[in-house]
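One-letter residues, chain by chain:
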Amino acid sequence: MPTPASHPHTTGTGGHRVDVEHGSQHVTVTIDGRVVAESTRPLLVHETGLPVRYYLPPEDVDLTLFQPTDSHTTCPFKGEAAYWTYRGPAGDEAEPRPDVVWAYPRPIEKVAEIKDHLSFYDAVAKIDVSE
């Protein structure tokens, strides 16, 4: 049984849960073969009905490859998400990947620790995780 300090933070209503867990996995994110993020400090977000999502500290993401968009969505369990489009390095002819990464600049209090951490859609980004 986990100790209170190691138990993921949980929030949820009506059977829906969101658990946030500090991880030490090595997470590498690539888009079109280019490493765009690498971290050993992910937050693992377990949410009812969804695969685990890895939220990475912004310092571990090469934000020079991304451009903020005007897209926003609202999750009743996490708050309002902001999005970025992959643009690739300056001068590169990379295909833009709209809204491939998101973060919660002002998450709800129950999941406050995900603030500004970035997560990637695995339909576009390749997310490799190793222990």
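Here, every reference points to the structure presented above.
From a predicted model like this one, the values you see are computed outputs, not experimental measurements. Every residue gets a number counted from 1 within its own chain, in the order that chain's sequence is written. Only residues with pLDDT of at least 70 get local features here, since the model is predicted, and only at 80 or more are side-chain atom pairs given and counted; chain-wide, interface and lining totals rely on the full set of residues. Excluding hydrogens and water, the side-chain figures rest on all heavy atoms present in the structure.

1. Looking at the side chain of S39
So, step 1. Under the scheme used here, helices are H or I runs from DSSP no shorter than 4 residues and strands are E runs no shorter than 2 residues, and both carry numbers assigned from the N terminus. Looking at the element boundaries, S39 is found in strand β4 (residues 34-39).
So, step 2. Here the side chain of S39 touches R41 through a polar contact of 2.9 Å, landing on its backbone nitrogen.
So, step 3. What qualifies as a polar contact is a pair of N or O atoms within 3.5 Å, subject to a donor-acceptor requirement within protein and to the restriction that residues adjacent in sequence count only when both atoms come from side chains. Within the local environment of S39, its side chain forms a polar contact with the side chain of D60, the two groups lying 2.7 Å apart.
So, step 4. Note on contacts: a residue pair qualifies if any of its non-hydrogen atoms lie within 4.5 Å across the two residues. Setting aside its immediate chain neighbours within four residues, S39 contacts Q25, H26, V27, L56, P57 and D60.

2. Points about the sheet that holds strand β7 (residues 66-75)
So, step 1. If DSSP finds at least two bridges between two strands, the strands pair. In spatial order, the strands read β7-β8-β9-β10; together these four strands make up an open sheet with antiparallel pairing. Either end of the sheet is taken by a strand with one partner, and the two such strands are β7 and β10 (118-120). Strand-to-strand twist of the sheet, defined as the mean angle between neighbouring strand axes without regard to direction, takes the value 35°. Comment: axis = line fitted to C-alpha atoms, over the contacting stretch for helices; angle = value between 0 and 180 degrees taken between N-to-C directions.

3. A short note on the sheet that holds β4
The strands that make up a sheet pair up through hydrogen bonds in the backbone, lying either parallel or antiparallel.
So, step 1. Pairing is antiparallel in the open sheet, where three strands are placed in the order β4-β3-β11. Of all the strands in the sheet, just β4 and β11 (126-130) have a single pairing partner and so form its edges. This sheet shows a mean twist of 20° between the axes of neighbouring strands, independent of strand direction.

From the geometry alone we can't say anything about function, so treat these as descriptive.
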